[in-house]
Amino acid sequence: MTKLKFTTAIAAATLAVTGVAAGAAQAQPWRDYERHEEYRGGNLTSSYVDSLEWRINNAAREGRIPWGQARQLQRELRAVQPLAWRVETGQASRYEYQRLSSTVNRIEAATNNYPRYSYNNRWR
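Since the model is a prediction, treat every value here as computed from it, not as a measurement.

Remarks on the packing of helix α3 (residues 46-61) against helix α5 (residues 94-111)
Thought 1: Across the interface, α3 lies against α5 with an axial gap of 10 Å and an inter-helix angle of 30 degrees. Classified by the angle their axes make, α3 and α5 are roughly parallel. Regarding α3 and α5, the two cross each other, and that crossing is left-handed. Residues Y48, V49, L52, R55, I56 and A59 of α3 touch α5, and the partners they reach there are L100, V104, I107, E108 and T111.

Some remarks on the packing of helix α4 (residues 67-89) against α5
Any two packed helices are characterised by how steeply their axes cross, that is the angle between the axes, and by the distance between the axes.
Thought 1: Between α4 and α5, the shortest axis-to-axis distance is 9 Å and the interhelical angle comes to 140 degrees. Along this stretch, α4 crosses α5, giving a crossing that reads as left-handed. On α5, the residues touching Q69, L73, E76, L77, A79, V80, L83, A84, R86 and V87 of α4 are E96, Y97, R99, L100, T103, R106, I107 and A110.
Thought 2: Along the lines of polarity and charge, the residues of the contact of α4 with α5 split into 11 nonpolar, two polar and five charged.

A short note on α4
Thought 1: Taking 1.5 Å of rise per residue, 23 residues should cover 33 Å, and α4 covers 33 Å from first to last C-alpha, within 8% of that figure.
Thought 2: The sharpest bend along α4 comes to roughly 40 degrees, located at V80, with the proline P82 sitting one to four residues further on.
Thought 3: Taken together, the buried positions of α4 are G68, Q69, A70, Q72, L73, Q74, E76, L77, V80, L83, A84 and V87.
Thought 4: One or two positions beyond α4, positive phi appears at G90, with a value near 85 degrees.

Focus on the confidence of the model for the protein
Thought 1: Residues at a pLDDT of 70 or more form 68% of the protein, whose mean pLDDT is 77.
Thought 2: Note that residues 28-34 has pLDDT below 50 and, in this model, two contacts with residues that lie over four places away or in other chains.
Thought 3: Every residue in residues 36-40 is under pLDDT 50, and counting partners more than four places away or in other chains gives nine contacts.

Reading guide: rules and limits
Residues numbered from 1 in each chain as written. Predicted model: local features only at pLDDT ≥ 70, side-chain atom pairs only at ≥ 80, totals over all residues. Heavy atoms only, no water. Axes fitted to C-alpha atoms, helices over the stretch in contact; angles between N-to-C directions. Helix = DSSP H or I, 4+ residues; strand = E, 2+ residues; numbered from the N terminus. Parallel < 35°, antiparallel > 145°, perpendicular 65-115°, else oblique. Left-handed = near helix turned anticlockwise from the far one by under 90°. Contact = heavy atoms within 4.5 Å. Nonpolar A, V, L, I, M, F, W, Y, C, P; charged D, E, K, R; others polar. Expected span 1.5 Å × (residues − 1). Bend = angle between axes of the 7 residues up to and from the residue. Buried < 20%, exposed > 50% of the residue type's maximum accessible area, 1.4 Å probe, protein only. pLDDT = per-residue confidence, 0-100.

See below:
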């Protein structure tokens, strides 16, 4: 009988540990964790967004984009620069995140000489 009691006690302890581990895993805020990790690791940090102004000016100086398009991109960048800090700290709404992301992608496409991906494509 002692073998049976010992086996039962081990099974009960194993079940309890498994239940605690599963409960702790379910209590994690996975949605927010993924969201914040996406913000931290991406190109939506405030320092990167601030550096885009140099990329715009450099692309215009080198003749990859016209100065009119550079001015338009700078206006769009200035409009979303305050959102970068909110996105970086996790305080931004989904709309603010998408707005900043699409503006950054558009500026990167324009300065990397991909005119068909830039906004409105009227400069080429």
